[in-house]
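Each chain, letter by letter, is given below.
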Amino acid sequence: MSPENSVGLVVPRRMQFDTPLILKSGAQLPGFELVFETYGTLNEARSNAVLVCHALAGSHHVAGRYADDPENIGWWDNLVGPGKPLDTRKFFVVGVNNLGGCYGSTGPLSIRPETGKRYGADFPLVTVADWVAAQARLADRLGVDTWAAVVGGSLGGMQALEWSLQFPDRIRHAIVIASAPKLSAQNIAFNEVARQAIISDPDFHGGYYAEHGVVPTRGLRLARMVGHITYLSDSQMADKFGRQLRHGEHKFSYDVDFEIESYLRYQGNKFAAFFDANTYLMMTKALDYFDPAYDYGGHLASALARAKARFFVASFSTDWRFAPARSREIVFALLQNRLRVVYAEIDCDAGHDSFLLDDQHYHALLRAYLGNIAV
Amino acid sequence: MTEHERRARAEQRERFDFAVIANWLSPGERVLDLGCGDGRLLRYLNETRDVTGYGVEIDHGSVLGCIRNGVDVIQMDIECGLLGFEDRSFDHVVISQALQTMRATERILTEMLRVADEAVVSFPNFAYRANRVAIAAGHMPVSEDLPYDWFDTPNVRFFTIVDFEGLCARLEIEIRERLAFDEAGQEVADDPNLNGSLAFYRLGRKS
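All residue numbers refer to positions counted from 1 along the written sequence of the respective chain. Key to labels: chains lettered from A, ligands numbered from 1, both in the order written. pLDDT decides what is reported in this predicted model: residues at 70 or higher carry local features, side-chain atom pairs at 80 or more are listed and counted, and totals for whole chains, interfaces and linings draw on all residues regardless. Only heavy atoms go into the side-chain values, all of them from the structure, while hydrogens and water stay out.

A.B. asks: Please set out the interface of chain B and chain A residue by residue, giving values where relevant.
C.D. replies: The interface of chain B with chain A comprises 20 residues on the first partner and 22 residues on the second. Summed over both partners, the accessible surface that disappears when two parts come together, traced with a 1.4 Å probe, is what is meant by buried area. Buried surface at the junction of chain B and chain A, summed over both partners, amounts to about 1800 Å²; 57% is from carbon and sulfur atoms. In this structure, B:Asp72 engages A:Arg340 in a salt bridge whose closest nitrogen and oxygen atoms are separated by 2.8 Å. Under this definition, polar contacts are N or O atom pairs within 3.5 Å; protein pairs additionally need one hydrogen-donor-capable and one acceptor-capable atom, and for neighbouring residues in sequence, both atoms have to be side-chain atoms. On the surface where chain B and chain A come into contact, there are 8 residue pairs in polar contact (both at pLDDT 80 or more). Under the DSSP-based scheme used, a helix requires at least four consecutive residues in state H or I and a strand at least two consecutive residues in state E, with every element numbered from the N terminus. Elements supplying a minimum of two residues to the side of chain B that touches chain A: helix 3 (60-68) and strand 3 (73-75) of chain B. Counting residues per element, the side of chain B that touches chain A draws most heavily on helix 3 of chain B, which supplies 6 residues. Contacts are assigned to residue pairs with any non-hydrogen atoms lying within 4.5 Å of each other. Definition used for salt bridges: Asp or Glu carboxyl oxygen within 4 Å of a side-chain nitrogen of Lys or Arg.

Structure, rendered in structure tokens:
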């Protein structure tokens, strides 16, 4: 990272919301807190605000680094900064940890006011629509009536799409990358394996592990391992690991033989050390339930009839989790509604996770599209 | 000719091609442009005729060009047809000097007239006099409208005005209007298959 186009040192902020939020499930949160970061300056016309929505394991820390933790660089730092494709000299960029998250916003780790104990398993299931409703309250408080753009990859892209439906007049551009209009049976199946890994961990205690002073580390580790497989492409795994052996020979044991095993264990361990199991369960459910066409007899074009935003949709050739065909579903539903859309199918070897990389062509597309947004 | 002159002439030629197509469109129309390149035609049509619509393009660099030009582009391969585009959802489907770069000629023509009631097609006429002369001299033609050496041409279909009209007849496509131009951009009335370098068609379905 060249320091001259980094947003530099950043400080997360918190915002308290006291009006109850009725969730899609019917449950109610009496109030909640969101943790967020901003980069750049809101202009006088308040026309340059961009919301960046995070995916499954992401957070409000989109760009820059912390003074007390300089290694902790924002998860989309390659995209967001002065002179970068999402240019903070032009835009006022907002990153927010979603409701139910485990990076500081109200979630299963928060203390429940009624009981004085952590919510744990009692935290209600929140959906993509609930996240967007909560983000809208943050927008109100930041003085943002209309986002110049809402940007997201994967589950983040679903939030951008949801913004265009829930608040058609508050979003000018929806940037939906490596996403899908709903999960396939195969997508849900992978999520269910991840959930069962967590739920069947003896340390899970029905979600009340905090009260037992333990963490379902084994379950989280497995969940992340299975998830990680779906983020990478077969060809990339073959290139990176192939059948490389850890010890140069077959050990005829269940310890690490192949390098890919070592990599997955490393990723699993790293994740299980900090991510909350209840949040993970809830995030995967939010993915499973996301389906704007559900209330429209499965007809996506009817669901998108409300939208007014212009769209930038992009997919990656080797993404088999949300394959290009899934993005095309969104594109053609937009076309049926005569909405403006740009669709790019990017050649990138890195599978689903391509959206986080700084592939030259990918970033050139985003730079060009974002550059044309009037503020 | 200097590089500057060459470019100026190419641009002049391009504006002339665009104007021919623009003349066949009504103001404010909805247009789909197949093989739209960097979106220049759509931008021209938008600026001159208030036309809206989308380009379709497979090439990565061209898609980037479209975005830079502020043109809405859908990146996809149309060799398999226009799957996803609804019947009669556009006023015109245009394919400007790109049909010869695609293999599925019949499918593309049929699909164009599914998605719109009228199609506009332009292509280089392989039977143009200068091209015949080149072949007679033993060489593949390189000309204003066929500007590529045989070993690096994007073109995969080489056909003439007569051939194209034969295919239209076989596909029951109605030719509503035809214009042919020589390399100097002069309209050709006499024996267009010999004297026309570039041909433009307005096509519809035979009812």
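A.B. asks: Give a detailed account of the packing of aromatic side chains, specifying residues and quantitative values.
C.D. replies: Residues and elements named next belong to chain A. The rule is short: rings of Phe, Tyr and Trp, with Trp giving its six-membered ring, pair when the centres are within 6.5 Å, and they are stacked under 30 degrees, edge-to-face over 60, tilted in between. Evaluated as defined, the whole model comprises 31 aromatic pairs over all chains. Geometrically, the ring pair formed by Phe 271 and Phe 275 is stacked, given 4.6 Å between the ring centres and 20 degrees between the ring planes. Residue class for Phe 271 comes out buried when judged on its relative accessible area of 2%. Feature note: the residues Tyr 103, Phe 271, Phe 274, Phe 275 and Tyr 280 constitute an aromatic cluster, connected by ring pairs. Taking NZ or CZ as reference, Arg 170 lies 5.7 Å from the ring centre of Phe 167, over its face. In this scheme, Lys NZ or Arg CZ marks a charge over a ring once it lies within 6 Å of the ring centre and within 35 degrees of the ring normal. Positioned over the ring face of Phe 271 is Arg 224, at 4.4 Å from the centre of the ring. The cut-offs for exposure are 20% and 50% of the maximum accessible area for each residue type, with area from a 1.4 Å probe on protein chains only; residues under the lower value are buried, those over the upper are exposed, and the others partly exposed.

A.B. asks: Please set out a nonpolar patch on the surface residue by residue, giving values where relevant.
C.D. replies: Patch criteria: residues need more than 30% relative accessible area and no salt bridge. Like-charged residues are merged within 9 Å; nonpolar side chains of Val, Leu, Ile, Met, Phe, Trp and Tyr are merged within 5 Å. Note on areas: Shrake-Rupley with a 1.4 Å probe; residue coverage comes only from the protein chains shown. A cluster of nonpolar side chains, namely B:Ile135, B:Met140, B:Trp150, B:Phe151 and B:Phe158, defines an oily patch on the protein surface of about 570 Å² accessible area. Inspection of the secondary structure assignment puts B:Trp150 in the loop between helix 5 (129-136) and helix 6 (161-170).

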